Amino acid sequence: MADYMWAGLLLILWLGLAAVAGQPLLLEGVAPGARRTLFQTLATLAGATAGLTLTSVSMLINVLGKKAAPGQRELPLEKLSATHRRQIGEVFLFAIPGLGLLVIAAMVTVVLEGDGPTGLWIPEAVAFLLAFASVLALLRVAWALRRVLAIATA
């Protein structure tokens, strides 16, 4: 939930600065073609990243579940407790729903805005909130993956 709180804080800051400066909120003043391209790109990147993260989860299950052959020394990842294994898995699994929601929010934003001369700040805000939170979740995934690799190669 901290990802969504930080993303919400960033979004509120952005909206507040735009309101104080008298500027359009979010992307309301951007040309329709550029807005459509941005949200289509966000949807594509989120979908591809969700697939990659899901693939990483299946690989992680294989790696964390692997046991040393009888008579061989214990593998480094076998030393992790069940709690640590669960925490590692949760880091990966937390990112996937946010990315899926980002795909939906970005596509809904494209459809709702259509070719209108101005953007709609509420669907844009939802898409940006999910995008910011997803970036934070993916940074945590990268950190966890780096830690698992460090343990595995120790």
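Residues numbered from 1 in each chain as written. Predicted model: local features only at pLDDT ≥ 70, side-chain atom pairs only at ≥ 80, totals over all residues. Heavy atoms only, no water.

1. A look at the overall build of the protein
A tally of helices and strands in the protein yields 4 helices and 0 strands. The secondary structure elements of the protein, listed N-terminal to C-terminal, are α-α-α-α. In terms of C-alpha radius of gyration, the protein reaches 20 Å, well past the compact-globule figure of 15 Å for 154 residues. By principal-axis analysis of the C-alpha atoms, the protein measures approximately 70 × 30 × 20 Å. Here the protein, with 154 residues, has 34% of them falling under the buried criterion. At a minimum sequence separation of 6, the contacts of the protein that also span at least 24 residues come to 75%. (Helix = DSSP H or I, 4+ residues; strand = E, 2+ residues; numbered from the N terminus. Rg over C-alpha atoms; globule rule 2.2 N^0.38 Å. Buried < 20%, exposed > 50% of the residue type's maximum accessible area, 1.4 Å probe, protein only. Contact = heavy atoms within 4.5 Å.)

2. As for the side chain of Glu124
By the element assignment, Glu124 lies in helix 4 (residues 121–152). At 4.0 Å, Arg35 is the nearest oppositely charged side chain to Glu124, a buried residue that forms no salt bridge. With sequence-adjacent residues up to four places away left out, Glu124 is seen in contact with Leu25, Leu26, Leu27, Glu28, Arg35, Phe39, Thr109, Glu113 and Gly119. (Lys, Arg positive; Asp, Glu negative; His and termini not counted. Salt bridge = Lys/Arg side-chain N within 4 Å of Asp/Glu carboxyl O.)

3. Structural notes on the packing of aromatic side chains
A complete count under the given rule lists 5 aromatic pairs for this structure. Between the aromatic rings of Trp14 and Phe132, the centroid separation amounts to 6.3 Å while the plane-to-plane angle is 40°, which identifies the pairing as tilted. Pair noted here: Trp14 is in helix 1 (residues 2–21) and Phe132 is in helix 4, with a separation of 118 residues, a long-range link. Both rings, one in Phe128 and one in Phe132, keep their centres 6.1 Å apart while their planes meet at 20°; by these two values the pair is stacked. Note that Phe128 and Phe132 are positioned in helix 4 at a spacing of 4 residues, about one turn of the helix. According to the relative accessible area criterion, Phe128 is buried, its value standing at 9%. Three or more aromatic residues joined by ring pairs form one cluster here, namely Trp14, Phe39, Phe128 and Phe132. (Phe/Tyr/Trp six-rings, centres within 6.5 Å; stacked < 30°, edge-to-face > 60°.)

4. Digging into a nonpolar patch on the surface
Nonpolar side chains collect at one region of the surface, where Leu101, Ile104, Val108, Leu112 and Leu120 lie side by side and expose about 430 Å² of accessible area between them. With respect to the helices, strands and loops of the structure, Val108 is situated in helix 3 (residues 82–113). The class of Val108 is partly exposed, set by a relative accessible area of 40%. (Patch = residues over 30% accessible without salt bridge, like charges linked within 9 Å, V, L, I, M, F, W, Y side chains within 5 Å. Areas by Shrake-Rupley, 256 points an atom, 1.4 Å probe, with all protein chains shown as cover.)

5. Side note on the nonpolar core
Among the nonpolar cores identified, the biggest contains 19 residues, and Leu11, Leu26, Phe39, Leu42, Leu102, Ala106 and Phe128 are the most heavily contacted of them. When sequence neighbours within four positions are dropped, the list of residues in contact with Leu42 reads Leu102, Ala106 and Ala131. Grouped together as the second largest cluster of nonpolar side chains are 14 residues, Ile88, Ile96, Ala137 and Val141 included. (Core = buried A, V, L, I, M, F, W, Y, C linked by side-chain atoms within 4.5 Å.)

6. Focus on the side chain of Asp3
Among the secondary structure elements, Asp3 is positioned in helix 1. Note on Asp3: relative accessible area 3%, which makes it buried. For Asp3, the side chain forms a polar contact with the side chain of Arg140, separated by 2.4 Å. With residues near it in sequence (within four places) discarded, Asp3 still touches Phe94, Ala133, Leu136, Ala137 and Arg140. (Polar contact = N/O pair within 3.5 Å; in protein donor to acceptor, adjacent residues only side chain to side chain.)

7. Points about the packing of helix 2 (residues 32–65) against helix 3
Between two packed helices, both the angle of their axes relative to each other and the distance between the axes serve to describe the pair. Contact pair helix 2 / helix 3: the axes reach a minimum separation of 8 Å and the direction vectors enclose 160°. Relative to helix 3, helix 2 is oriented roughly antiparallel. As for how helix 2 packs across helix 3, the hand of that crossing is left-handed. Residue composition of the contact of helix 2 with helix 3, by class: 20 nonpolar, 7 polar and 4 charged. (Axes fitted to C-alpha atoms, helices over the stretch in contact; angles between N-to-C directions. Parallel < 35°, antiparallel > 145°, perpendicular 65-115°, else oblique. Left-handed = near helix turned anticlockwise from the far one by under 90°. Nonpolar A, V, L, I, M, F, W, Y, C, P; charged D, E, K, R; others polar.)

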